[in-house]
Amino acid sequence: MAHITSRKHTVAAAPQLKNAALGLMIAALPAAALAQNTTPAAPAAAPKAEQQLAPVTVRGSSESDIKATTSASPKATAPLIDTPQTITVVKKELLDQQGAITLQDALRNTPGVTLLLGEGGNSNTKDNIFMRGFDTSGSIYSDGVRDLGGYVRDMFNIEQVEVVKGSSGSDYGRGAPSGSINTVSKAPRAENFQAGSAAVGTADQYRVTGDINQQIGANAAVRLNLMGQSMGVAGRDEVKNEGWGIAPSVAFGLGTPTRFTLSYLHAEQDNVPDGGVPTVGLDGYRNAAGVRASRVDPNNFYGSTSDYAKVQADQLTLLLEHDLGPRTTLRNTTRAGRSVLDQLVTGPSAVVSDGSGASAVFRLNPATWEASRSRQLRWQENIIITNQTNVNSVFNIGSMENTLSTGVEFIYEEQTTRGLTGAGVHRSPGATGSPNDSRTNLWNPRANDPVTGMNVSRTGVDSKGDTFTVALYAFDTLKITDRWQVNGGLRFDRFTTSNTNVGISGTPAVTTVTNISGSDTLLTWKAGVLFKPAANGSVYLSTATSQQPPGGSSFALSTATTGNGAINNPSMDPSKATTHELGTKWDLFGDKLALTAAIYNTEVTNDTSVDINGVATQYGKKTVKGVELGAVGYITNNWSVSTGLAHMKTDVEEGSAGQQGANLNWSPEWSFTAWTTYRLPFNITIGGGARYMDSTSRSVSNSVTSTTNMAYTEEYWVFDAYAAYAVNRNLTLQLNLYNLADERYIANLNNNGGRYTPGAGRSALLTANVKF
């Protein structure tokens, strides 16, 4: 029998590796206090550079500092070391080393993050992200502005990615209990440089990027970022990610009290999406008849050559900054953004052998099995318009230094989904069953099977949701003494959400329009106290909250009072989350290496639960308890490291009869990530990385068995390698080797456990980086 909680069994498969990683990272923290002064003092001087033979300094290469000291958010009132919350900052330099292309690639540098293969037409063509036990897909931001859109985000115009762990409602308003993800865009600088890269990979991969910054006079500059790619996926037939992007920006007043920046982003994707592979034959797979079979080839493509996933994203941003005084700055940000996803994806929906009905779908001979394919259409448009005004000020209250950030935000968000029909039938010649069933041979699917009846058109069954929010916030850090600080934040949101659904039913057809709306006020906060045993370290205790109202992440409202639809009934109260965190942070070796450790407890209350009679009530309670360790920076001038280890326990303390006492889905008990490089003589750098992901349950259930499909994903390790050679000051050659052991693993699994996306196989990517 397949055990949903079997991750407790698989944890034991690699205890030595886990315990060694945990022990090394914990041991490093006490060393921080021993290695530095025990009383507050200025940071230690940087160590002398080590001797090298014929060094070549490559300006702006991937050898730059991978450690961040501050957040790019204007709401941040203290450097990272003095911020009482777990924050992971993944800088561009680290992304360049790894050859990271997407946001999903970037998030591999922080533990406790899992990806989900969506249902129906969602496929894996968007950033479906779970973090610390909860869906965080609706809490993704760009430069502090909510980033709507069902697509995979590219990193070509990104300076760094900031991952805030734990409740962060006071930062952004309504959101997930698990935290938030913010990408920071590149901006013009007061310098001149021209950089670019050209990459070619073994999996039919080609990508070029350009980054040109030109100073205009003493106080102005323009910057242009470009990208074009045609990228196959190692170990996946037919799947292709093609696209291009352009991001021009101009800044005036650099180095003066008044600065103005205008930026624009346009990106397009024209991909062949991956609808996944049947889970037949995987360890833990079951079918209704209990018949065992071999694993299908993970290279198999069950889609069609007619499949497509087209994305167009546009974003215009105006930023005005004015220094009101030596330590006070006013900022105003206006942004208008729009993204459109137009998609047809074919994926396996069931495994059958004939058309004789459910009682006879499985024959004893698996060679006769067929895959029934589902063809899903999806069209969705997301629009956001926002204006944010922020004032940052540093001033003294007596002998105490106070850093205050206050602001007001106006945000309009809109999501429109069109009903489409006419996907057609993608059927292999000779397949059994109904002629309207898109079947193919389970073991040898054919992408070029004929498609009949394809005529995509609108049904008129559309849905439109929008939310308008007015928010006020304030954040403050008060340095009481050299050793003690207090930190707090408060946010007030007043929002109105409306949802319009257009339906067509009956004969003759009758069009109905349903309008649902709801409004509410959210008050979220955070508070922390921080003690500095030394200038380069801190110990803190903090509490933070967040809230998610009905329809808060999907813009979908419902009038249902029973069943799962009741969760989005506007009469329901918001679910509420509270995170308590005790942690410590240390900067070592002249502030070159940052070490972090935290234990936390997140509790979600007022959760809507549906009982066995379909009645929805708000008494649910879920908890996530864990430990997270991290290290990023340089151990020596030549040795860099970025690593993290997370351990968490999840529990449904109050819920429906089928969920009480269960673990949360998509939540690995253990996860680990590491990346390290070492610079050798003769301008050569070598390195590599490792990732571990524990098994995860696909559903929240206290049942110990699953009768069909996969109940869980298995644990896995993936190892990568890296080498770079600085030919001269302007050219660096870089080689990335991915999945060295060619590990076969489940990268993500859909909710019913019937299909999965295989992890990318072994591959190589050779990149030429130039900069002048």
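Residues numbered from 1 in each chain as written. Predicted model: local features only at pLDDT ≥ 70, side-chain atom pairs only at ≥ 80, totals over all residues. Heavy atoms only, no water.

Visitor: Looking at this model, I keep getting lost on the overall build of the protein chain. Mind explaining?
Guide: What the protein chain contains, in helices and strands, is five helices and 40 strands. Within the protein chain, the proportion of its 772 residues that are buried is 54%. A separation of at least 24 residues holds for 70% of the contacts in the protein chain among residues at least 6 apart in sequence. In the structure as shown, the protein chain presents an accessible area of about 31100 Å², 57% of it carried by carbon and sulfur atoms. (Helix = DSSP H or I, 4+ residues; strand = E, 2+ residues; numbered from the N terminus. Buried < 20%, exposed > 50% of the residue type's maximum accessible area, 1.4 Å probe, protein only. Contact = heavy atoms within 4.5 Å. Areas by Shrake-Rupley, 256 points an atom, 1.4 Å probe, with all protein chains shown as cover.)

Visitor: Would you mind going over the pattern of salt bridges with me for this structure?
Guide: Side-chain pairs of opposite charge can arise where the charged atoms are in close proximity. Counted according to the given criterion, the structure contains 40 salt bridges. Linking E409 and K75 is a salt bridge whose minimum nitrogen-to-oxygen distance equals 2.9 Å. Linking E409 in strand β18 (residues 400-418) with K75 in the loop between α2 (15-35) and β1 (87-91), this pair joins segments that are 334 residues apart in sequence. A relative accessible area of 2% places E409 in the buried class. Among the ionic pairs, E381 bridges to R338, the shortest N-O distance being 2.7 Å. Of this pair, E381 sits in strand β17 (residues 370-397) while R338 sits in strand β16 (residues 328-352), and the two are 43 residues apart along the sequence. With a relative accessible area of 35%, R338 lands in the partly exposed category. Overlapping salt bridges, with partners in common, bring together E159, K186, R189, E191, D211 and R223 in one network. (Salt bridge = Lys/Arg side-chain N within 4 Å of Asp/Glu carboxyl O.)

Visitor: Where do I start with the pairing of strand β36 (residues 716-726) in this structure?
Guide: Side chains on a regular strand alternate between the two faces of the sheet. Along β36, eight of the eleven residues are buried, which leaves the element largely enclosed by surrounding structure. By the bridge criterion, ten bridges tie strand β33 (residues 684-693) to β36 in an arrangement that is antiparallel. The residue bridging M693 from the neighbouring strand is Y716, located in β36. Examined bridge by bridge, β36 and strand β37 (residues 731-738) share six bridges and lie antiparallel to one another. Counterpart to Y725 in the pairing with β37 is L733. Hairpin connection between β36 and β37: a loop of four residues separates the two successive antiparallel strands. (Pairing = 2+ DSSP bridges.)

Visitor: Help me out: how do you make sense of empty space enclosed by the protein in this one?
Guide: To find the voids left in a structure, one rolls a probe of water-molecule size over its atoms. Under the defined criterion, the tally for this structure stands at nine cavities of 30 Å³ or more. Looking at the second largest cavity, its volume works out to about 270 Å³. Looking at the lining of the second largest cavity, the elements with two or more residues in it are β7 (158-165), α5 (169-172) and β25 (484-505). In terms of residue class, the lining of the second largest cavity is made up of eight nonpolar, eight polar and four charged. (1 Å grid on protein atoms, 1.4 Å probe; cavity = no way out; pocket = protein on both sides within 12 Å on 5 of 7 lines; lining within 4 Å. Points joined across faces, edges and corners; volume = space filled by probe spheres on them. Nonpolar A, V, L, I, M, F, W, Y, C, P; charged D, E, K, R; others polar.)

Visitor: How do you make sense of the environment of N702 when you look at a structure like this?
Guide: Within the element layout of this structure, N702 appears in the loop between β34 (696-697) and β35 (712-713). In contact with N702, not counting residues within four places along its chain, are A657, G658, Q659, Q660 and A662.

Visitor: Help me out: how do you make sense of the environment of P188 in this one?
Guide: Mapped onto the fold, P188 is located in the loop between β8 (179-185) and β9 (193-201). Along the primary structure P188 and N213 are separated by 25 residues, whereas in three dimensions their C-alpha atoms are 6.5 Å apart. Once you skip the residues sitting within four places of it in the chain, P188 turns out to touch N213, A221, V222, R223, S249, V250, A251, L254 and T261.

Visitor: Could you clarify how one ought to interpret the confidence of the model for the protein chain in this entry?
Guide: A low pLDDT means the predicted coordinates there should not be read in detail. Considering every residue of the protein chain, the mean pLDDT works out to 86; 86% of them sit at 70 or more. For the stretch residues 118-123, pLDDT sits under 50, and the model shows 23 contacts to residues farther than four places along the chain or on other chains. Below a pLDDT of 50 lies the segment residues 354-363, which in the model reaches 21 contacts outside its immediate sequence neighbourhood of four places, other chains included. (pLDDT = per-residue confidence, 0-100.)

Visitor: Quick question: what am I supposed to make of the sheet that holds strand β2 (residues 113-115) here?
Guide: Paired through their backbone hydrogen bonds, the strands of a sheet run either parallel or antiparallel. The strand order across the open sheet formed by three strands is β2-β3-β4, and the pairing between neighbours is antiparallel. Because the sheet does not close on itself, it has two edges, and the strands there are β2 and β4 (134-135). The pairing of strand β3 (residues 129-131) with β4 spans two bridges and is classified as antiparallel. If you follow F130 over to β4, its bridge partner there is D135.

Visitor: What is the right way to look at the packing of aromatic side chains in this model?
Guide: Between two aromatic rings, the relevant description is the distance of the centres plus the angle of the planes. One pass over the structure, following the stated rule, counts eight aromatic pairs. Note on Y473 and F475: the rings are 5.6 Å apart at their centroids and 50 degrees apart in plane angle, and the pair reads as tilted. Residue Y473 shares its accessibility class with F475, and that shared class is buried. Where Y716 meets Y745, the ring centres are 4.1 Å apart and the plane angle is 25 degrees; that geometry is what we call stacked. One end of the pair, Y716, is in strand β36; the other, Y745, is in the loop between β37 and β38 (746-749), and 29 residues separate them in sequence. For the pair formed by Y716 and Y745, the shared burial category is buried. Counting every residue linked through ring pairs, the aromatic cluster contains F672, Y692, W717 and F719. Over the ring of Y308 we find K310; its NZ or CZ atom is 5.5 Å from the centre of that ring. Lying across the ring of W379, R418 places its NZ or CZ 3.7 Å from the centre. (Phe/Tyr/Trp six-rings, centres within 6.5 Å; stacked < 30°, edge-to-face > 60°. Lys NZ or Arg CZ within 6 Å of the ring centre and 35° of its normal.)

Visitor: Quick question: what am I supposed to make of the sheet that holds strand β6 (residues 145-146) here?
Guide: Taken in spatial order, the five strands make up an open sheet running β1-β7-β8-β5-β6, and their pairing is mixed. Each of the sheet's edge strands pairs with one partner strand only, and the pair in question is β1 and β6. Where strand β5 (residues 140-142) and β8 come together, three bridges link them in parallel fashion. Opposite I140, over in β8, you have I181 as the bridge partner.

Visitor: What is the right way to read unusual backbone geometry from this model?
Guide: In terms of backbone geometry, most residues other than glycine have negative phi values and most peptide bonds are trans. Look at D143: it is not a glycine, yet its phi comes out positive at around 55 degrees. By secondary structure assignment, the location of D143 is in the loop between β5 and β6. Since its relative accessible area comes to 29%, D143 is described here as partly exposed. One non-glycine residue, D742, lies in the positive phi region at around 50 degrees. Here D742 shows up in the loop between β37 and β38.

Visitor: Can you walk me through the environment of A267 in this structure?
Guide: Of note, A267 is situated in strand β13 (residues 258-271). The sequence separation of A267 and G243 amounts to 24 residues, and the corresponding C-alpha distance is 7.4 Å.

Visitor: What am I meant to see in a nonpolar patch on the surface here?
Guide: On the surface, I480, W484, V486, V529, V539, L541, L582, I599 and V627 cluster together into a nonpolar patch covering about 690 Å² of accessible area. Breaking the nonpolar patch down by element, the ones donating at least two residues are β25 and β27 (537-548). Of note, I480 is situated in the loop between β24 (463-479) and β25. (Patch = residues over 30% accessible without salt bridge, like charges linked within 9 Å, V, L, I, M, F, W, Y side chains within 5 Å.)

Visitor: Would you explain the layout of surface pockets in this entry?
Guide: Taken as a whole, the second largest pocket spans an internal volume of roughly 1100 Å³. Every residue lining the second largest pocket is counted, 40 residues in all, and those nearest its centre are D143, V184, S185, A187 and L319. Contributing elements (two or more residues each) for the lining of the second largest pocket: β7, β8, β11 (220-233), β12 (236-252), β13, β15 (308-325), β16 and β17. The class makeup of the residues in the lining of the second largest pocket is 14 nonpolar, 16 polar and ten charged.

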